[in-house]
Amino acid sequence: MVKRYAISNYKPTLLHVIIILTLLQLFIALFTNGFAFSQEEGMWHYIGRNWFRNGLAPYQGGVDNKSPLFFAIFGLSDKLFGVNYWFPRAFGTLCQSIGIYFIYKIANRLSGHRAGLLAISFYGLSVLWHGVDGRYVSFTETYDVMFVIVSFYFFLNFPEKNKGLFLSGFCGAIGAAFRLSALFGVVTLFIVSLKKSKKSALVFSIGFLSGISLLLLTATLVGINIKDIYIYSFADNFGQGSTTYHNLLWRMVQFYNMFFYSEVILFYPLVIIYIYIKKRIDWLLLWLILAFVGINVIGNYARVDLKDLLPALSLVGALAVSYLIDKYQLSIKKIMIIIWVVFSPKIVEPLLNFTRLFTGEFQKAKNFCHAPFIEPDESASRQLGLWVKANTSPTDKVFVAGFGSQVQAYSERMSPTIYFNVTQTVVAKKRFLLDMEKNKPEMILVPLFDEYKLYVDPDLRLYIDKLVAADYTFDQCMFNYGVYRLKP
């Protein structure tokens, strides 16, 4: 006789929960953005491709304020599978799932298996939220957060104390190499290790410096200029024209939207309960506080930045709920159901995009090049890039004015300038003008939509207008871009 189990008797295992969360992430990540690169992913793929395919190291074949370690992921993606959006997102999902596993290990170490399942439920669901741009699992935050989580795990769990401290610092260095916000987690661990003993702090610091030294040595060996890393990934990201250059009013509005108009508010009652339980600032609260400080110091207030808070919030939430379960004899099964209902992400966009698999391309050229000139989305940008590829030779240089990295990536054509996607610092403008004068492209694409005028400085737009008027002829309009070809 076959024994039948009621669904009500089912007890989720760690593996089951991680598999479910991984599949949810893949569904959200792969069925969004018109099955195409986001604007940021287009930048990173272009730079990574130039590195792995054309031998141009980062900052020689394109500039963005990310590290070579990150560009290598997109370069590997192009090397293995050509121009694609799915590999970086699938790889990011794998790394995020590793982070989920180690969140369980930390919570299990602190308060047992139940706390571990609660922690990964909080963390695994919250990283999928729209409010933290859960669809963009290929961004740097995924990697910096994973390595910080692993760093905390080694700090807390490794049986050989000194080895654990060394590995903790080493992992923290790799996290910081992906994104500087990881340093706030590293500082947390340094403070905790210093409170233990000076020797612990020293071993941790040696691990961190060893990681940084190894990465810099590797960068030098593969031909990356260390000075370029400093300038492009750090120094030129502050001041006028940079991504962090915003006035106080803008910062206040973005702060409110990030912390009071997103799903992250669901954690706030649990944080209050945890503070009530502990009645002091322990290492978890210190981690949370410093991650919060880091978001405000960097000051971009991009929704994806909230991912730096989620590990500490999830662990705090799990321990708070475990306390309530014990104190009031609550049903863990009912609590888990409530968490999965309340914390689950909205999946309307991926569901809609999934249906488009059966209806074919949903952005057609005939819908563009007439008033009102709307900004093309990811799908239309991909089509425009493929059109450029089909209508130019492989050696032709192509420049896409404004934020056109997706078009540049899908065209598989080189830009005449390392600033192929508009960057408006003093350093960037000077280099952009120099590159454009030395290497006039065979084709220039100029946006016709209003966003180009809103977000690109007048001096850059005026330069492009004068250039096409003097040396180029109008070819046609495609996807709300004016296409200009170099005069014979």
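Below, the structure is looked at part by part. What you are looking at is a predicted structure, and each value in this text was computed from that prediction instead of being measured.

Think of it this way: side chains of opposite charge can pair up when their charged atoms draw near. This structure, assessed with the given rule, holds 14 salt bridges. We note a salt bridge from D457 to K429, for which the minimum N-O separation is 2.9 Å. Taken as a pair, D457 in the loop between helix 20 (450–455) and helix 21 (458–471) and K429 in helix 19 (residues 426–438) lie far apart in primary sequence, 28 residues in all. Here D457 falls in the partly exposed class, since its relative accessible area comes to 24%. Residue K429 is classed as buried on the basis of its relative accessible area, which comes to 18%. Several salt bridges converge on common partners, so that one network encompasses R53, D78, K389 and E412.

Okay, the sheet that holds strand 3 (residues 472–478) next. Ordered by their spatial adjacency, four strands build an open sheet running 1-2-4-3, and the pairing between neighbours is mixed. Only two strands of the sheet have a single neighbouring strand rather than two, namely strand 1 (398–400) and strand 3. Looking at each pair of strands side by side, their axes are set apart by 20 degrees on average, direction ignored. Where strand 1 and strand 2 (residues 443–447) come together, three bridges link them in parallel fashion. Pairing of V400 across the sheet is with L445, part of strand 2. Together, strand 1, strand 2, strand 3 and strand 4 (481–486) form the strand contacts of helix 21, whose direction differs from that of strand 2 by roughly 135 degrees.

Another aspect to go through is the state of the cysteines. Evaluation of the coordinates by the stated rule reveals one disulfide. One disulfide in the model links C369 with C477; its S-S distance is 1.9 Å. Its S-S torsion of about -90 degrees marks the bond between C369 and C477 as left-handed, since a negative value means left-handed. Residue C369 is located in the loop between helix 16 (348–355) and helix 17 (378–390), and its partner C477 is located in strand 3; the two are separated by 108 residues in the primary sequence. Its sulfur unpaired, C171 is 12 Å from the next cysteine sulfur, which belongs to C95. Residue classification places C171 among the buried residues on the basis of a relative accessible area of 9%.

What follows is about a positive patch on the surface. A surface patch of like charges, here positive, comprises R109, K161, K196 and K199. Structurally, the position occupied by K199 is in helix 9 (residues 198–221). Classification of K199 by relative accessible area gives exposed; the value is 53%.

Further remarks concern helix 12 (residues 268–278). Taken as a whole, helix 12 has its buried residues at L270, V271 and Y274. Each buried residue of helix 12 lies within a common arc of 100 degrees when the element is viewed along its axis, so the set occupies one face. Exposed and facing more than 90 degrees away from the buried side of helix 12 are I272 and Y276. Lining the buried residues of helix 12 we find helix 5 (113–126), helix 13 (283–298) and helix 14 (310–328). K279 occupies a position one or two residues after helix 12 and carries a positive phi of about 60 degrees.

About the thresholds
- Residues numbered from 1 in each chain as written.
- Predicted model: local features only at pLDDT ≥ 70, side-chain atom pairs only at ≥ 80, totals over all residues.
- Heavy atoms only, no water.
- Salt bridge = Lys/Arg side-chain N within 4 Å of Asp/Glu carboxyl O.
- Helix = DSSP H or I, 4+ residues; strand = E, 2+ residues; numbered from the N terminus.
- Buried < 20%, exposed > 50% of the residue type's maximum accessible area, 1.4 Å probe, protein only.
- Pairing = 2+ DSSP bridges.
- Axes fitted to C-alpha atoms, helices over the stretch in contact; angles between N-to-C directions.
- Contact = heavy atoms within 4.5 Å.
- Disulfide = S-S within 2.5 Å.
- Patch = residues over 30% accessible without salt bridge, like charges linked within 9 Å, V, L, I, M, F, W, Y side chains within 5 Å.
- Areas by Shrake-Rupley, 256 points an atom, 1.4 Å probe, with all protein chains shown as cover.
- Lys, Arg positive; Asp, Glu negative; His and termini not counted.
- Charge placed at Lys NZ, Arg CZ, Asp CG, Glu CD.
- Arc of directions from axis to C-beta.

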